[in-house]
Amino acid sequence: MIPNTDNALRMLSQRMMAQLLPDLKSNYSISDGFMIGLLVNAIADEMAEGIHRRVEDIEDMRRILKSAPDGLPAGSAALLDAPLEDLRLATVNERHDALTRLLILIQTRAEETDDVTLQAEIWGYLRRHAARHVITAVP
Amino acid sequence: MITLDEVSTATAGFLAEQWGKAVTVEAIEKIFGGASRETYRLTLNVDGKTRGVIVRRDPPSSLIDTERELEYGAYERIFPTDIPVPEPLFVSNDPAIMQQPFSVMAAINDCQTDVSLLSPEQKQQLGRHKYDLLGRLAARDPLALGFDELVPVPSLEEAAALQLAYWEGVILDDEIHPQPIAQAAIRWLKRNMPPPAQKLSVVHGDYRTGNFLFDTDCQIQGVLDWEMCHLGDPLEDLAWSLDPLWSWNDPGLAGRLIPIDEAISVWESASGLVCDPEVFRWWRVFASLKAIAIWISSSEDFESGEGKDSILATAGWVMTERQNRILLEYLAPESQSGEIEA
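Only a predicted model underlies this, so the values are computations on that prediction, with no experimental measurement involved.

Definitions and limits used
Residues numbered from 1 in each chain as written. Chains lettered and ligands numbered in written order. Predicted model: local features only at pLDDT ≥ 70, side-chain atom pairs only at ≥ 80, totals over all residues. Heavy atoms only, no water. Helix = DSSP H or I, 4+ residues; strand = E, 2+ residues; numbered from the N terminus. Rg over C-alpha atoms; globule rule 2.2 N^0.38 Å. Buried < 20%, exposed > 50% of the residue type's maximum accessible area, 1.4 Å probe, protein only. Contact = heavy atoms within 4.5 Å. Areas by Shrake-Rupley, 256 points an atom, 1.4 Å probe, with all protein chains shown as cover. Lys, Arg positive; Asp, Glu negative; His and termini not counted. Charge placed at Lys NZ, Arg CZ, Asp CG, Glu CD. Salt bridge = Lys/Arg side-chain N within 4 Å of Asp/Glu carboxyl O. Pairing = 2+ DSSP bridges. Axes fitted to C-alpha atoms, helices over the stretch in contact; angles between N-to-C directions. Buried area = accessible area lost by both parts, 1.4 Å probe. Polar contact = N/O pair within 3.5 Å; in protein donor to acceptor, adjacent residues only side chain to side chain. Nonpolar A, V, L, I, M, F, W, Y, C, P; charged D, E, K, R; others polar. pLDDT = per-residue confidence, 0-100.

Undergrad: Help me out: how do you make sense of the overall build of chain A in this one?
TA: Per the secondary structure count, chain A includes five helices and zero strands. Taken from the N to the C terminus, the helices and strands of chain A come in the order α-α-α-α-α. For 139 residues, the compact-globule estimate of 2.2 N^0.38 gives 14 Å, and the C-alpha radius of gyration of chain A, at 20 Å, exceeds that figure by more than 25%. Dimensions of chain A along its principal axes, counting C-alpha atoms only, are 60 × 35 × 20 Å. Here chain A holds 139 residues, and 43% of them are scored as buried. Summarising the internal contacts of chain A: among those between residues at least 6 apart in sequence, 62% fall at separations of at least 24. Working note: accessible area of chain A is about 7900 Å², and carbon and sulfur atoms make up 58% of it. Between the centroid of the 15 positive side chains of chain A and the centroid of its 21 negative side chains there is a distance of 4 Å.

Structure follows, in structure tokens:
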């Protein structure tokens, strides 16, 4: 059993880049291998933090959407109130996508109605979202 | 999947037939990066003489879904001008030769694309040449070059709208997850359409550091990667070349070479055109949106399994994340302007 899968990925990536790549013959393979190594490091970070980041996004979006229910289509309440069924990546991604679509909807409406307060709220979320998902493993 | 041996054999056979001479391959190397085409550098022996060629082969998937004939046609039309490009030799759509369409160009020797080790003086020289060339391209009459036989000719009024519609379509077709920042950018661009273009120009479509070869005197010897070329507003190329993504950790430098103001000034002198800051803001937002569209498209290719190249995954994930931050800085209410770090 590997309890800390993210660390395992980082170690394997380091081993590949430091010990295996130098033995490759072509520049193409070395460059490709190096790129894959960097991506594996980024995936390690995502494995450690990805679900947490998405759940934070979901809570953030729920708060904004609940404060602006006018522009939401019928049936949206379930998305806003229902807890996640589980924390599998697919489940969390699905909810994240559904809420993001609603967010786009109300942002469009806020622009049309010149609701600067709601616009600022949404841009604030987008900024927090972007900060949460910064990829540092690839220079 | 094609092996180096297969590319080597196919190229030698094809060129021997075209030239009517004995051709053997002395060396072959696949070039990493780009990913719009598989690119190979071959050293040939042609009737006892050494000659270098570049073979560009369509992969099953690429960052940009384009026709190989477009890039080759651009090379044919630009090669006779004072804008340096590789000499186009042959293009073939026959899948029996190399499984996919491919083109062959003369290699440009003793040049490089990497600017990271240049001195400040060398960067200055290279940067000025880069923007002088772009200005000269903008000044050219695209119809006199024959580009109307290659690509549609938009009116000055519709050039911007056509490009926006195209890349909006790419995002809608290829997005795996909803893209709130890109969608906000599209709405902003539609609300703030620019005036008609000053003139119709050949737009390279991917004019940036990394897409040209330069020699030891920091003179550009070949502008590469014309697969997104089209006719349109020349400010489009200028804005694309100045996107913060290409500046990495030097946000004040155009493509990590010279200050942005200087780049624009050189371009204006060479083109005889004006870079109006208000109009240019639209093109800079557009440039980042177009980049996002390309990264999203590559992400879709990787996710679907159509393309397995690691550069598709990098573009689709890492570049999308960085480009989103760039667009945020352009569009968020509290940061309406200013250069930012990619």
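Undergrad: Can you walk me through the pattern of salt bridges in this structure?
TA: Should the charged atoms of two oppositely charged side chains come close, the side chains can pair. Residues and elements named next belong to chain B. Per the counting criterion, the structure on display carries 31 salt bridges over all chains. Here Asp206 makes a salt bridge to Arg208, at a shortest N to O gap of 3.1 Å. Like Arg208, Asp206 is buried.

Undergrad: Help me out: how do you make sense of the sheet that holds strand β3 (residues 49-57) of chain B in this one?
TA: Within a sheet, neighbouring strands are paired by backbone hydrogen bonds and run either parallel or antiparallel to one another. Residues and elements named next belong to chain B. If you trace the five strands from one edge of the open sheet to the other, you get β1-β2-β3-β5-β4, paired in antiparallel fashion. On the outer flanks of this sheet lie β1 (23-31) and β4 (88-92), each paired with one strand and no other. Sheet twist, expressed as the average angle between the axes of neighbouring strands with direction ignored, equals 20 degrees. Here four bridges tie β4 to strand β5 (residues 102-106), and the two strands are oriented antiparallel to one another. Of the residues in β5, the one forming a bridge with Ser92 is Phe102. Each of β1, β2 (38-46), β3, β4 and β5 touches helix α1 (residues 4-19); the most contacted strand, β1, lies at about 135 degrees to it.

Undergrad: Just to check I follow, could you spell out the interface of chain B and chain A for this structure?
TA: Interface size is often expressed as the accessible area that is lost when the parts come together. Each partner contributes residues to the interface: chain B has 32 residues there, and chain A has 27 residues. In this assembly, chain B packs against chain A so that about 2700 Å² is buried in total across both faces, 67% of it on carbon and sulfur atoms. Here chain B is connected to chain A by three salt bridges. Between B:Arg187 and A:Glu111 there is a salt bridge, and its shortest N-O distance comes to 2.6 Å. In this structure, the connection of chain B to chain A is made through 13 residue pairs in polar contact (both at pLDDT 80 or more). Those elements giving two or more residues to the side of chain B that touches chain A turn out to be β1, α6 (180-191) and α10 (310-331) of chain B. With 12 residues, α10(B) is the single largest residue contributor to the side of chain B that touches chain A. Classifying every residue of the side of chain B that touches chain A gives 16 nonpolar, six polar and 10 charged.

Undergrad: Would you mind showing me how to read the confidence of the model for chain B here?
TA: For residues with low pLDDT, the predicted coordinates do not support detailed interpretation. Per-residue pLDDT for chain B averages 92, and the proportion of residues at 70 or more is 94%. With pLDDT under 50 throughout, residues 337-342 of chain B is counted as low confidence; its partners more than four residues away or in other chains account for 18 contacts.

Undergrad: Explain the environment of B:Phe212 to me, please; I cannot follow it from the model alone.
TA: Residue and element names in this part refer to chain B. Structurally, Phe212 is set in strand β7 (residues 212-214). Under the relative-accessibility criterion, Phe212 is labelled buried at 0%. With 99 residues separating them along the chain, Phe212 and Thr113 place their C-alpha atoms 6.0 Å apart.

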